[in-house]
Amino acid sequence: MSVPSTCLLCGLGDESRDHIYFSCSYSRSVWDSFFTQTSFNQPYTFSEVIRWVHHSTPPGKIRTICKLVTQAVFYAIWNERNKRLHTSVARHPQLIIREIQIILKAKLYGMDQNVGNTNRISSVRPNPGDRYLHLWFQNFPS
Ligand SMILES: [Zn+2]
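Computed from a predicted model, the values in this text were never measured in an experiment.

### Some points on the overall build of the chain
Looking only at helices and strands, the chain has 6 helices and 0 strands in total. Dimensions of the chain, computed from the C-alpha atoms along their principal axes, are close to 60 × 30 × 25 Å. Across the 142 residues of the chain, 42% fall into the buried class. Excluding contacts between residues fewer than 6 apart, the proportion of contacts in the chain whose partners are at least 24 apart in sequence is 57%. Carbon and sulfur atoms form 55% of the exposed surface of the chain, whose accessible area is close to 8100 Å².

If you want it as structure tokens, here you go:
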């Protein structure tokens, strides 16, 4: 299969790992939509990602949410790149951002339900302010 060496997302840069996920204007707009209005300093290169998720975010549920956002952004960008390669259909970054927000909110809601189920057994009610979904709305723009 012939794969162009030019980025399929922006059509400008060479298709390298760091370009696709961090330097590309398309990817940048997806990352920025989640992190520019937060207090978290997001990674700007692939090598910074692992250090960032382990050391640059507050521990606990916020770190878990940041990890989920990171995984979702990576998946969505690669998925969009592959869709463009195989179908030539291009989606605006805002659609990708909206899709990630919906998936993450559903995931976080499910995680809150699982925590609630665990706590029901021990008769301990989770603090509503400590729920994943509450922390999402508190820290990430929707
Ligand atoms: Zn690009």
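From this point, things continue past the structure.
### Overview of the nonpolar core
Generally speaking, soluble globular proteins have nonpolar side chains that are buried together. With 36 residues, the main nonpolar core has Phe34, Phe35, Val69 and Ile100 as its most contacted residues. Counting residues per element, the ones that place at least two in this core are helix H1 (17–23), helix H2 (25–35), helix H3 (46–55), helix H4 (61–87), helix H5 (93–121) and helix H6 (132–139). Of all the elements, H4 adds the most residues to this core, at 10 residues. Residues within four places of isoleucine 100 in sequence aside, it is in contact with Val30, Phe34, Ala72, Val73 and Ala76.

### Topic: the packing of H3 against H4
The contact between H3 and H4 brings their axes to 9 Å, and the two run at 155°. Accordingly, the angle class assigned to the pair H3 and H4 is roughly antiparallel. On H4, the residues that touch Phe46, Val49, Trp52, Val53, His54 and His55 of H3 are Arg63, Cys66, Lys67, Thr70 and Phe74. Taken together, the residues of the contact of H3 with H4 break down into 6 nonpolar, 3 polar and 2 charged.

### Some thoughts on the coordination of the zinc ion
Looking at the zinc ion, one finds its protein donor set to be Cys7 (SG), Cys10 (SG), His19 (NE2) and Cys24 (SG), positioned 2.2 to 2.4 Å from the metal centre. Metal-centred angles of 102 to 118° between the 4 donor atoms at the zinc ion mark the site as tetrahedral. All donor residues of the zinc ion come from one chain, and their arrangement in sequence is C-x2-C-x8-H-x4-C. Owing to a relative accessible area of 12%, histidine 19 belongs among the buried residues under this scheme. A relative accessible area of 0% means that cysteine 24 is categorised as buried.

### Some thoughts on the UniProt feature "domain: Reverse transcriptase zinc-binding" (unreviewed entry) in the chain
The UniProt record annotates "domain: Reverse transcriptase zinc-binding" (unreviewed entry) at residues 2–31. Regarding residues 2–31, the helix share stands at 47% and the strand share at 0%, and the terminal C-alpha atoms are separated by 29 Å.

### Comments concerning the packing of H4 against H6
In contact at an axis separation of 10 Å, H4 and H6 are set at 75° when each is read in the N-to-C sense. Classified by the interaxial angle, the pair formed by H4 and H6 is roughly perpendicular. Here Lys61, Ile62, Thr64, Ile65 and Val69 of H4 lie close against H6, whose contacting residues are Tyr132, Leu135, Trp136 and Asn139. Considering only residue class, the contact of H4 with H6 consists of 6 nonpolar, 2 polar and 1 charged.

### Describing the pattern of salt bridges
Counted by the stated rule, this structure contains 6 salt bridges. For the salt bridge of aspartate 32 with arginine 28, the shortest nitrogen-to-oxygen distance reads 3.6 Å. With aspartate 32 and arginine 28 both in helix H2, this residue pair falls 4 residues apart, about one helical turn. We classify arginine 28 as buried; its relative accessible area is 14%. The residue glutamate 99 makes a salt bridge to arginine 91 at a minimum N-O spacing of 3.0 Å. When its relative accessible area of 30% is taken as the criterion, glutamate 99 is described as partly exposed. You can call arginine 91 buried: its relative accessible area is 17%. Overlapping salt bridges bring together Glu80, Arg84, Arg91 and Glu99 as one network.

Conventions we followed
Residues numbered from 1 in each chain as written. Predicted model: local features only at pLDDT ≥ 70, side-chain atom pairs only at ≥ 80, totals over all residues. Heavy atoms only, no water. Helix = DSSP H or I, 4+ residues; strand = E, 2+ residues; numbered from the N terminus. Buried < 20%, exposed > 50% of the residue type's maximum accessible area, 1.4 Å probe, protein only. Contact = heavy atoms within 4.5 Å. Areas by Shrake-Rupley, 256 points an atom, 1.4 Å probe, with all protein chains shown as cover. Core = buried A, V, L, I, M, F, W, Y, C linked by side-chain atoms within 4.5 Å. Axes fitted to C-alpha atoms, helices over the stretch in contact; angles between N-to-C directions. Parallel < 35°, antiparallel > 145°, perpendicular 65-115°, else oblique. Nonpolar A, V, L, I, M, F, W, Y, C, P; charged D, E, K, R; others polar. Donors = N, O, S within 2.8 Å, 3.2 Å for Na, K, Ca; no water. Tetrahedral: all angles 85-135°; square planar, octahedral: opposite > 155°, others 65-115°. UniProt positions renumbered as here; feature names shortened; annotations may be inferred. Salt bridge = Lys/Arg side-chain N within 4 Å of Asp/Glu carboxyl O.

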